[in-house]
Amino acid sequence: MEPLVAHLPSPRRPSWASQLTDRRMVLKAAGLAAGSWLTPLAELLAREETARPGQPAQSVILLWMAGGPSQLETFDPHPGKDIAGESKAIDTALKGVKLGAGLERLAEKLPLVTLVRNVVSKEGDHERGAHTVKTGYRPDPTLVHPSIGAICCHQLPVGHTEIPRHISIQPDRFVGRGGYLGNQYDAFQVYDPKDRLPDIKARVSDERHAERLEDLKIVESTFARGRQRQVQGTLHGHQQAEARKIMTSEQLKAFEIEHEPAELRTAYGDSPFGRGCLAARRLIEVGVRCVEVTLSGWDTHTENLAGCEVQNAKLDPAISTLLEDLKTRGLLDSTIVICAGEFGRTPIINRLAGRDHWPHGFSMLLAGGRLPRGLVLGETDPEGAKVTWEQGTPIADIHATLLTAMGINPALELMTPVGRPMKLSEGTPVSRLLG
């Protein structure tokens, strides 16, 4: 693709963005409407955020496996080989493709996804690896690159979304950041959806709250006399208006997963991660562009097999139900699901029955949008040899592919605040992942 140059901020609005789809209306009539919990007005606004079938995806759900999951106990098992240790593998709905034991429900949904089994990175440290996977760039001490969620929010239409469009649920230390795009693209961080969002509702009656706001206006206008320029420079008024818009938005109900049927909540799993995945689906319905949902606990330097069993028990119901839920509601075509951590784990089992960091051939699960379904790309050596850079799929290429799948030109150059031109991605889209 030819590089383009743009200056910040420059959110892009594709020409087809204003064209609505009737898909939700059809689903609603069938009793399966996405966002059926919304009022008619909110439903209308939300519908504008959904791409038409065949169009690029408009949202991303990143299931972040914090710590770096072992590919050998999840998406790339080698049963019977020395590197497998005592781990087991199971058959899947894709003939000849196996997953790690404990992912039985996901195994049934494998025809919906692509597994990339030869991902390579040059970073084996948690912070550096997380930055690389989330941004597509290795860390640079002179620049903070934006995460893929921040890029989505910058490049895709704002639409009528009133709440933050980049959200991280159960974040770890390495939450997605806006980087040189600006702090306004940082992920809004929330925790277990079973708890109410803090600091959203006033602690006094509506009447008293309104009186306080009027009093505040008097104080602020008095303070601003003779200081208009300085006051405007703080953006205090803008920030307060934005905060109040969020606090009063009906779209906040997307966090209220208790309104979902009990059967569906159970299917996602009784864990913060499962509840986060359910909330992610609801947030996508109201136009949120990227939701990160973090599942911590994959840093299995000791007792790797037992640790993966615990993690798979949380991952399996959540990801399999999320995929089916998105598909049933007609959202999988407009949403890309990524399941990844900062790297994989070593083929060799250490003296503590654990596996250490391994960026030389690990796995990612991709699904949705224009990505192919039922594809396994790449392989790792059953004896545990490193995947060379030439044999592997670099992180940057996966980023370029995902951006392309969302209708974003990865070669687009933005000018950073210090006047440094920077491409959204230095990678090359993987043609096999774009159908």
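Structure: above.
Here's what I pulled together on the structure shown here. (Residues numbered from 1 in each chain as written. Predicted model: local features only at pLDDT ≥ 70, side-chain atom pairs only at ≥ 80, totals over all residues. Heavy atoms only, no water.)

### Concerning the pairing of strand β2 (residues 59-66)
Then comes step 1: With 8 of 8 residues buried, β2 lies mostly within the body of the structure.
Then comes step 2: Side chains Ser59, Ile61, Leu63 and Met65 project from β2 onto one buried face, and the interleaved Val60, Leu62, Trp64 and Ala66 project onto a second face that is buried too.
Then comes step 3: One ladder, built from 6 bridges, connects β2 with strand β9 (residues 335-340); its direction is parallel. If you follow Val60 over to β9, its bridge partner there is Ile336.
Then comes step 4: As defined by bridge partners, β2 adjoins strand β8 (residues 290-296) across 7 bridges and the pair is classed as parallel. Bridged to Met65 within β8 is Leu295. (Buried < 20%, exposed > 50% of the residue type's maximum accessible area, 1.4 Å probe, protein only. Helix = DSSP H or I, 4+ residues; strand = E, 2+ residues; numbered from the N terminus. Pairing = 2+ DSSP bridges.)

### With respect to the environment of Leu424
Then comes step 1: Relative to the helices and strands, Leu424 resides in the segment after β16 (421-423).
Then comes step 2: Through-space distance from the C-alpha of Leu424 to that of Leu403 is 8.6 Å; in sequence the pair is 21 residues apart.
Then comes step 3: Look past the residues within four positions of Leu424 in its chain and what remains in contact with it is Tyr137, Ile151, Gln155, Leu403, Ile408, Asn409, Pro410, Leu412 and Leu414. (Contact = heavy atoms within 4.5 Å.)

### Concerning the packing of aromatic side chains
Then comes step 1: All told, the structure shown has 0 aromatic pairs when counted by the stated rule.
Then comes step 2: Against the face of Trp389 rests Lys122, its NZ or CZ located 4.8 Å from the ring centre.
Then comes step 3: The lysine or arginine in question, Arg227, covers the ring of Phe223, its NZ or CZ lying 4.4 Å from the ring centre. (Phe/Tyr/Trp six-rings, centres within 6.5 Å; stacked < 30°, edge-to-face > 60°. Lys NZ or Arg CZ within 6 Å of the ring centre and 35° of its normal.)

### A short note on the environment of Leu63
Then comes step 1: If you trace the backbone, Leu63 turns up in strand β2.
Then comes step 2: In sequence terms Leu63 and Cys339 are 276 residues apart; their C-alpha atoms lie 4.6 Å from each other.
Then comes step 3: Leave out the neighbours within four places in its chain, and Leu63 touches Phe273, Cys277, Val293, Ile319, Leu322, Val337, Ile338, Cys339 and Ala340.

### Side note on the nonpolar core
Across soluble globular proteins, you tend to see nonpolar side chains buried next to one another.
Then comes step 1: In this structure, Leu63, Phe75, Leu99, Phe273, Leu283, Leu315 and Leu323 are the most contacted members of the largest nonpolar core, which totals 53 residues.
Then comes step 2: Non-local contacts of Phe75, meaning those with residues more than four positions away in its chain, are made with Lys98, Leu99, Leu103, Leu106, Leu115, Arg117, Leu315, Cys339, Ser363 and Leu365.
Then comes step 3: Core analysis: the second largest hydrophobic core is formed by 45 residues, Leu62, Leu143, Tyr180 and Phe362 among them. (Core = buried A, V, L, I, M, F, W, Y, C linked by side-chain atoms within 4.5 Å.)

### Remarks on the pattern of salt bridges
Then comes step 1: Taken as a whole, this structure holds 26 salt bridges when the rule is applied.
Then comes step 2: Here Glu383 ties to Lys81 by a salt bridge, and the two come within 3.9 Å at their closest N and O atoms. Here the residue Glu383 occupies a position in the loop between β13 (375-377) and β14 (393-394), and Lys81 occupies one in the loop between β2 and β3 (89-91), the gap between them amounting to 302 residues.
Then comes step 3: Taking relative accessible area as the criterion, Glu383 reaches 52% and is therefore assigned exposed. (Salt bridge = Lys/Arg side-chain N within 4 Å of Asp/Glu carboxyl O.)

### Comments concerning the side chain of Thr380
Then comes step 1: One can find Thr380 in the loop between β13 and β14.
Then comes step 2: Separated by 2.4 Å, the side chains of Thr380 and Asp76 make a polar contact.
Then comes step 3: Of note is the side chain of Thr380, whose polar atom sits 3.0 Å from the side chain of His78.
Then comes step 4: With near-sequence residues (within four places) excluded, Thr380 lies in contact with Asp76, His78, Arg117, Gly361 and Val387. (Polar contact = N/O pair within 3.5 Å; in protein donor to acceptor, adjacent residues only side chain to side chain.)

### Side note on the environment of Val190
Then comes step 1: Relative to the helices and strands, Val190 is located in strand β7 (residues 188-190).
Then comes step 2: Exposure remark for Val190: the relative accessible area of 6% places this residue in the buried category.
Then comes step 3: Between the C-alpha atoms of Val190 and Pro171, which are 19 residues apart in sequence, the distance is 7.5 Å.
Then comes step 4: Residues within four places of Val190 in sequence aside, it is in contact with Ile167, Ser168, Ile169, Gln170, Pro171, Leu197 and Phe255.

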